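Reading the structure
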Amino acid sequence: MDYKTAGVDIEAGYRSVELMKKYVKETMRPEVMGGLGGFSGAFSLDAIKNMEHPILLSGTDGVGTKLKLAMVLDKHDTIGIDCVAMCVNDVACAGGEPLFFLDYIACGRNYPEKIAAIVKGVAEGCKMAGAALVGGETAEHPGMMPEDDYDIAGFAVGVVDEKDLISGENVKPGDSLVAIASSGVHSNGFSLVRKVFDMSAESLNTYYDNLGQTLGEALLTPTRIYVKAMKSVKDAGVTVRGCSHITGGGFYENIPRMLPEGINAHVNTGSYEVPAIFRLLQEKGGIADQMMYNTYNMGIGMLLAVDAADADKTVAAIEAAGERAWIAGTCVAGEKGVTLC
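Let me sum up the structure you'll find in this document. These figures come from a predicted structure and were not determined experimentally.

1. Side note on the environment of Asp103
Tracing the sequence through the fold places Asp103 in strand E4 (residues 97–107). For Asp103 and Val134, which are 31 residues apart along the polypeptide, the C-alpha to C-alpha distance reads 9.1 Å. When near neighbours in sequence (up to four residues on either side) are disregarded, Asp103 contacts Val119, Val122, Leu133, Gly135, Gly136, Glu137, Ala153 and Gly154.

Right under this line is the structure:
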């Protein structure tokens, strides 16, 4: 009897590491000390010495049941981008710069090429965010998970100078709400998605004219990473007073998280066209408007509160970073919360 007979293939683990090394190397920053394979990731803090009051920020998340679509379609090279995005966007939401990232992959069986494809996506997401992939773990769980199944989670650490921290406490009546477009469903609400659509390869490979692509392609589109957009806004001299990363819980849960007491966010849903994937999902599932906005981002991946005088400058800075943005509403005095207009 040996470990491989028990279901854990150590040799496959070694091969996974070898295959992923080239992707991890592409994410390195000057502050990273040592290489892949140590017991911990080392990261020098010399680069933040010039900050007056540096504050470390952290975020951890997974991809949820979106993974089921990747498994059905046997497409695993973008799911890692989702994992990174879910973590680093939270760090950026507080005004921070992501520094480094670690991932954790649990699988029923280690298929080296599949694990390498997943990590390739993680590395791509790290490059988009400017974060170093300093470590990770791949764990085989024979007997606990089906051989073809896996789960992925990640952890990001970032930094912000205290004077640049976005807390939401200074949001005022009259502030403008600037929206940054999402790329689609992102990584939330897939338990409902999987109830609405048949999760077979045939269904996911069906082409929809209104989507301009197959259903699977639309649903697997990676979560947008907003780190560069937020940096562009900061570099433009705009003070962001509040910021919401619209994830699980949609508008109703996430937007109030950036508001102080006494402020209501009025979001003009007619200020933009809701992406076709949400319209298709709502139609096929017979889902009420309130539930859609309480579950999904509905085309807005991040919402910023800025002084009205800076609204146009904010939109321009975001677009200069390659994202689509628009003025989507305003803040008013009232009960803390969000009102869809």
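On we go from here.
2. Some thoughts on the sheet that holds E4
As summarised here, the arrangement of the four strands in space is E3-E6-E4-E5, forming an open sheet in which the pairing is mixed. The open sheet terminates on both sides in strands that have one partner only, identified here as strand E3 (54–62) and strand E5 (132–140). Taken over all neighbouring pairs, the strand axes of this sheet differ in orientation by 15° on average, direction set aside. In terms of strand pairing, E4 meets strand E6 (residues 150–161) through 10 bridges, oriented antiparallel. Pairing of Leu102 across the sheet is with Phe155, part of E6. Contacting E4, E5 and E6, helix H4 (residues 112–129) runs over the sheet at an angle of about 165° to E4.

3. Re the packing of aromatic side chains
Enumeration according to the criterion identifies four aromatic pairs in this entry. For the pair Phe278 and Tyr296, a centre-to-centre distance of 6.0 Å together with 55° between the ring planes defines the contact as tilted. Taken as a pair, Phe278 in helix H10 (residues 276–285) and Tyr296 in the loop between helix H11 (289–293) and strand E12 (300–306) lie far apart in primary sequence, 18 residues in all.

4. Description of the pattern of salt bridges
Taken as a whole and judged by the stated rule, the model has 15 salt bridges. With a closest N to O distance of 2.9 Å, Arg29 and Glu31 form a salt bridge. Accessibility assignment for this pair places Arg29 and Glu31 in one class, buried. The salt bridge involving Arg241 is made with Asp175; its shortest N-O contact spans 2.6 Å. Of this pair, Arg241 sits in strand E10 (residues 240–245) while Asp175 sits in the loop between E6 and strand E7 (176–181), and the two are 66 residues apart along the sequence. Here Arg241 matches Asp175 in class, with each residue buried.

5. Focus on helix H8 (residues 227–235)
When we look at burial in H8, the residues that qualify are Val227, Ala229, Met230, Ser232 and Val233. Two residues or fewer after H8 comes Gly237, characterised by a positive phi angle close to 85°.

6. Digging into the environment of Pro260
Within the secondary structure, Pro260 sits in the loop between helix H9 (250–254) and strand E11 (263–267). Pro260 sits in the buried class, given a relative accessible area of 19%. When the C-alpha positions of Pro260 and Thr247 are compared, they lie 20 Å apart, and in sequence the two are 13 residues distant. Residue contacts for Pro260: discarding those within four places in its chain leaves Gly168, Glu169, Val171 and Lys336.

Thresholds, definitions, all that
Residues numbered from 1 in each chain as written. Predicted model: local features only at pLDDT ≥ 70, side-chain atom pairs only at ≥ 80, totals over all residues. Heavy atoms only, no water. Helix = DSSP H or I, 4+ residues; strand = E, 2+ residues; numbered from the N terminus. Contact = heavy atoms within 4.5 Å. Pairing = 2+ DSSP bridges. Axes fitted to C-alpha atoms, helices over the stretch in contact; angles between N-to-C directions. Phe/Tyr/Trp six-rings, centres within 6.5 Å; stacked < 30°, edge-to-face > 60°. Salt bridge = Lys/Arg side-chain N within 4 Å of Asp/Glu carboxyl O. Buried < 20%, exposed > 50% of the residue type's maximum accessible area, 1.4 Å probe, protein only.

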